[in-house]
2 protein chains.
Amino acid sequence: MSRHDQPRSRSAVSLADVARDAGVSVATVSRVINTPGLVAPATAERVQKVIRELGYQPNAIARALMTSRSDIIGIALPDIHGEFYSEILRGADAEARRHGLRLLIAGEARAGEDNRTQTTLPYSLLDGLVVLITEPNDLLLQEARQSGVPICVLDAEVKQPDIDNVLVDNATGAAEAAAHLLGRLPGDRCYFVGGAEANFDTKQRASAFRRVVGESVRTVRADQTAFGDYSSEWGRRWASGMIAKGRLRGAGVLAGNDEIAFGILSAARDAGLAIPDDLAIVGFDNSRLASIVHPALSSVHIPLRELGAAAVELLVRRIADPGCERREVRLASRLIVRSS
Amino acid sequence: MSRHDQPRSRSAVSLADVARDAGVSVATVSRVINTPGLVAPATAERVQKVIRELGYQPNAIARALMTSRSDIIGIALPDIHGEFYSEILRGADAEARRHGLRLLIAGEARAGEDNRTQTTLPYSLLDGLVVLITEPNDLLLQEARQSGVPICVLDAEVKQPDIDNVLVDNATGAAEAAAHLLGRLPGDRCYFVGGAEANFDTKQRASAFRRVVGESVRTVRADQTAFGDYSSEWGRRWASGMIAKGRLRGAGVLAGNDEIAFGILSAARDAGLAIPDDLAIVGFDNSRLASIVHPALSSVHIPLRELGAAAVELLVRRIADPGCERREVRLASRLIVRSS
DNA sequence: GTGAAAGCGCTAACAT
DNA sequence: ATGTTAGCGCTTTCAC
């Protein structure tokens, strides 16, 4: 091999090569591959043999250009960090494979930033797009919409008639969790420690928390809900502040996710608080480690894989029929009680 | 919008549409987009205006067919489960974006299984491929090779002259960890609890463990190394067995990854063993939770993001020059001592 | 049942 | 500086 080979495409075997060697036309070779029923068994056999001999592989790009189907769907995520995103991705990937589709990913999906030259995604080569939107991001959605690809939005509630939607029913799980805390503690000792205030899930969880706790106390104080980000550092910081004010002992906390909960648990342990006697805590996401840490963390299960799979499923339907009626899927969350 | 619109491609704006409206040829429009320097400013301005008005977006597939460059690279992973894979993916995605490339993922990448009709990946549309191989998988590698795409193999050691290779230096970190355990315990009380025995990383970690421990005892007993899988359940099961035989107290364990370590820690806690006095333990991967759990888990850091990024980097180089010399990158691991 | 031929939307010589 | 034209590799009428 020389240092500068021909570009791959020049050297690759094409339909024409197979046709020539098999003594048929390219059309026949194409039929052997795509509609075997239409070709005489003997011919098909001969063509197949040549295909094997030459190691022919159809060029997916040329095929896509003809059929205007690439069998690729995009998935745009704000980040690929942590179990939340990777499990959604995993569910989407599995479902895509079931339908013979491939997944093109775009992490840190942001549109219209700086003077970017390229768009967030190569829309024109996608058959469809799943967009995970966890915080207001009109630019990305707008960019995606005007590209014309079928879209399914995950997490953000979008009412556009041509966009399907997969949502988490955060309210139910959060309400269960709040009720669980209220079973051990007075409402004025309950706290919600969320992720970013703009985050849709955090918003919904906080709101369910306020509603349920509000039924047992006159008013839910402002300091009973706090917002930061989905990190253990934030959980630890919040807990430290509470400990400094002598207010963590005897409290019940609903954390915005398990990471925050782990941070709080860690700070509580350092302060010598016993779980769950001195501090009751419930997380969100039911991550793998929730059941491994000690004490095992009670957590609200979110069906992440199913979320990803449902988004792909809706998309597949819309790709088949772009004008179809908007559909919305909302998946339930539920409290898993452990020992925290 | 009617229920059955034209397929997207029919309705999409093409170069020809722009050319017509701008009163120029398609070549000029193409130049405005790809080589702006070659076109008169006034013309360029006029064309740009029409592009905006019509909302023209170049068709990535047609472009790829012409240039035989899709700007897409594939990444094949055995699974997308857990921090190990998702962090590698994250690193690869970030690096790909730096180079203007997109990532197409194939989870559960296995080749030649059953009578699958389609290959693991749409090789013909990829500019290159990163394959993460953690256990012997000749079929996948063979399939990928004969597709002709530039390849970079991650984790498995591959000496083919046309395939780049990114490796983890497991030996250093594992040796450090073993030495760390030997600092507290006699060599005959040290154990290695790995993932699958066929797993390359587990293999190398076990071997470094045997070598280092072997320097302090006559022979390393067979029961001092055990193999299962990368799960906390396996760690817990192993620990339970040891506890039943009364052999866990006073032992030192090097776990194949942090999950296994967490499982062992959990069983040890249930058995009333104090960490690190009754049981010293070191994990692998330095996962986010290693520093959050209590006691904080000592762990060998593996530069996962850098691994993914390095693979993409090598691939980019080989795409630019397919005949270039094979390159191998080996990234270091190092022990992070915490309190376990 | 098979072949000829017309493109899919674009880039890149080659002309002018 | 711009236009004309020949494909990239494939699918798909339309003839035969």
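Residues numbered from 1 in each chain as written. Chains lettered and ligands numbered in written order. Predicted model: local features only at pLDDT ≥ 70, side-chain atom pairs only at ≥ 80, totals over all residues. Heavy atoms only, no water.

## Let's talk about the pairing of strand β6 (residues 190–194) of chain B
Residue and element names in this part refer to chain B.
- Of all 5 residues making up β6, 5 are buried, and the element is well covered by its neighbours.
- The two faces of β6 match: C190, F192 and G194 on one face and Y191 and V193 on the other face are all buried.
- Where β6 and strand β8 (residues 251–255) come together, 4 bridges link them in parallel fashion. Across the sheet, the residue bridging to Y191 is V253, located in β8.
- Relative to strand β7 (residues 225–227), β6 runs parallel, the two sharing 3 bridges. Each residue of the ladder has a partner; that of G194, found in β7, is F227.
- At this point the chain moves from β6, through helix α9 (residues 200–214), to the parallel β7, and the crossover so formed is right-handed. (Buried < 20%, exposed > 50% of the residue type's maximum accessible area, 1.4 Å probe, protein only. Helix = DSSP H or I, 4+ residues; strand = E, 2+ residues; numbered from the N terminus. Pairing = 2+ DSSP bridges. Right-handed = clockwise from strand over helix to strand, strands pointing away.)

## Looking at the packing of helix α3 (residues 26–34) of chain A against helix α4 (residues 41–54) of chain A
Residues and elements named next belong to chain A.
- Where α3 contacts α4, the two axes come as close as 10 Å, and the packing angle between them is 90°. By the angle class used here, α3 and α4 are roughly perpendicular. Facing T28, V29, V32 and I33 of α3, the residues of α4 in contact are T43, A44, V47, Q48 and I51. (Axes fitted to C-alpha atoms, helices over the stretch in contact; angles between N-to-C directions. Parallel < 35°, antiparallel > 145°, perpendicular 65-115°, else oblique. Contact = heavy atoms within 4.5 Å.)

## What about the relation of the copies chain B and chain A?
- The operation relating chain B to chain A is a screw motion whose rotation component is 180°, with 0.0 Å of axial translation and a residual RMSD of 0.1 Å. Such a combination of rotation and displacement between the chain copies is what one expects of a two-fold axis. Closest to the rotation axis within chain B is the C-alpha of L104 of chain B, separated from it by 2.1 Å.
- By residue overlap, the copies meet face to face through one surface: 98% of the interface positions of chain B are interface positions in chain A. (Least-squares fit on C-alpha atoms with pLDDT ≥ 70 in both.)

## Describing the sheet that holds strand β11 (residues 328–332) of chain A
- The strand order across the open sheet built from 12 strands is β11(A)-β5(A)-β4(A)-β3(A)-β1(A)-β2(A)-β2(B)-β1(B)-β3(B)-β4(B)-β5(B)-β11(B), with neighbouring strands paired in mixed fashion. Single-partner strands in this sheet number two, and they are β11 of chain A together with β11 (328–332) of chain B. Taking each pair of neighbouring strands and ignoring which way they run, the sheet shows an average axis angle of 20°.

## A closer look at the interface of chain B and chain A
- Chain B puts 65 residues into the contact, and the matching count from chain A is 65 residues.
- Interface of chain B and chain A: buried area, both sides summed, is about 5700 Å²; carbon and sulfur atoms make up 53% of it.
- In this structure, D79 of chain B and R90 of chain A form a salt bridge, with 3.6 Å as the shortest nitrogen-oxygen distance.
- On inspection of chain B and its partner chain A, the count reaches 17 residue pairs in polar contact (both at pLDDT 80 or more).
- Secondary structure elements with two or more residues in the side of chain B that touches chain A: α1 (8–11), α5 (60–67), α6 (82–98), β2 (102–106), α7 (138–147) and α11 (258–270) of chain B.
- By residue number, the principal contributor to the side of chain B that touches chain A is α6 of chain B, which donates 8 residues.
- Tallied by class, the residues present in the side of chain B that touches chain A amount to 25 nonpolar, 24 polar and 16 charged.
- In terms of strand pairing, strand β2 (residues 102–106) of chain A meets β2 of chain B through 3 bridges, oriented antiparallel. (Buried area = accessible area lost by both parts, 1.4 Å probe. Salt bridge = Lys/Arg side-chain N within 4 Å of Asp/Glu carboxyl O. Polar contact = N/O pair within 3.5 Å; in protein donor to acceptor, adjacent residues only side chain to side chain. Nonpolar A, V, L, I, M, F, W, Y, C, P; charged D, E, K, R; others polar.)

## Examining the domain arrangement of chain A
- Structurally, chain A comprises domain 1 (3–58), domain 2 (72–168 + 304–331) and domain 3 (170–301).
- If you average the C-alpha positions of domain 1 of chain A and of domain 2 of chain A, the two centres end up 36 Å apart. (Domains from an automatic or database assignment.)

## Points about the protein's contact with DNA strand D
- Among the 26 residues in the neighbourhood of DNA strand D, the closest are listed as L15 and Y56 of chain A together with R31, T43 and M66 of chain B.
- Considering DNA strand D, the proportion of its atoms within 4 Å of the protein that are sugar or phosphate atoms stands at 58%.
- T43 of chain B is positioned with one of its side-chain polar atoms (N or O) 2.3 Å from a phosphate oxygen of DNA strand D.
- For the surface near DNA strand D, the secondary-structure elements that each account for two or more residues are α3 and α5 (60–67) of chain A together with α3 (26–34) and α5 of chain B. (Near = heavy atom within 4 Å.)

## Notes on the environment of A144 of chain B
Residue and element names in this part refer to chain B.
- Along the chain, A144 turns up in helix α7.
- What makes A144 buried here is its relative accessible area of 0%.
- Sequence separation between A144 and A60 is 84 residues, and the spatial gap between their C-alpha atoms is 24 Å.

## Focus on the confidence of the model for chain A
- For chain A, the average pLDDT comes to 93, and 94% of its residues sit at 70 or higher.
- Segment residues 1–10 of chain A: pLDDT under 50, and 16 contacts once partners within four positions in sequence are set aside and those in other chains are kept. (pLDDT = per-residue confidence, 0-100.)

## What about the packing of helix α10 (residues 232–244) of chain B against α11 of chain B?
All names here are of chain B.
- As a packed pair, α10 and α11 sit with axes 6 Å apart at the nearest point and diverge in direction by 40°. Taken together, the axes of α10 and α11 lie oblique to each other. Note that α10 runs across α11; the crossing there is right-handed. Contacts from S232, W234, G235, R236, W238, A239, S240 and I243 of α10 reach α11 at E259, I260, G263, I264, S266, A267, A268 and D270. (Left-handed = near helix turned anticlockwise from the far one by under 90°.)

## Some thoughts on the nonpolar core
- With 98 residues, the main nonpolar core has L89 and L254 of chain A together with L89 and L254 of chain B as its most contacted residues.
- Those residues in contact with L254 of chain B that lie beyond four places of it in its chain are A174, A177, L181, Y191, F192, V193, F209, V282, G283 and F284 of chain B.
- Within the second largest apolar cluster, 53 residues are counted, among which are A255, F262 and A268 of chain A together with L273 of chain B. (Core = buried A, V, L, I, M, F, W, Y, C linked by side-chain atoms within 4.5 Å.)

## Here we look at the pattern of salt bridges
- All chains considered together, the criterion is met by 47 salt bridges over all chains.
- In this structure, K159 of chain A and E328 of chain A form a salt bridge, with 3.1 Å as the shortest nitrogen-oxygen distance. Of this pair, K159 of chain A sits in the loop between β4 (151–154) and β5 (163–169) while E328 of chain A sits in strand β11, and the two are 169 residues apart along the sequence.
- The exposure class assigned to K159 of chain A is exposed, which follows from its relative accessible area of 55%.
- For D223 of chain B, the salt bridge is made with R221 of chain B, and the minimal N-O distance between the two is 2.7 Å.
- Note on R221 of chain B: relative accessible area 32%, which makes it partly exposed.
- Salt bridges sharing partners connect three or more residues here, namely E157, K159, R326, E328 and R330 of chain A.

## Describing the sheet that holds strand β6 (residues 190–194) of chain A
All names here are of chain A.
- Across the sheet, 6 strands lie side by side as β7-β6-β8-β9-β10-β12; this open sheet has mixed pairing. What marks the edges here is a single partner per strand, and that holds for β7 (225–227) and β12 (334–336). Neighbouring strand axes in the sheet, compared pairwise and without regard to direction, differ in orientation by 20° on average.
- Sheet analysis places strand β9 (residues 279–284) next to strand β10 (residues 298–301), joined by 3 bridges and oriented parallel.

## Quick word on empty space enclosed by the protein
- Within the structure shown, the criterion is met by 2 cavities of 30 Å³ or more.
- The space that makes up the largest cavity amounts to roughly 120 Å³.
- For the lining of the largest cavity, the secondary structure elements donating two or more residues are α11 (258–270) of chain A together with α11 of chain B.
- Considered as a void within the structure, the second largest cavity measures approximately 70 Å³ in volume.
- In terms of lining residues, the second largest cavity is bounded by A60, I61, A64, S70, I72 and L125 of chain A together with A60, I61, A64, S70, I72 and L125 of chain B. (1 Å grid on protein atoms, 1.4 Å probe; cavity = no way out; pocket = protein on both sides within 12 Å on 5 of 7 lines; lining within 4 Å. Points joined across faces, edges and corners; volume = space filled by probe spheres on them.)

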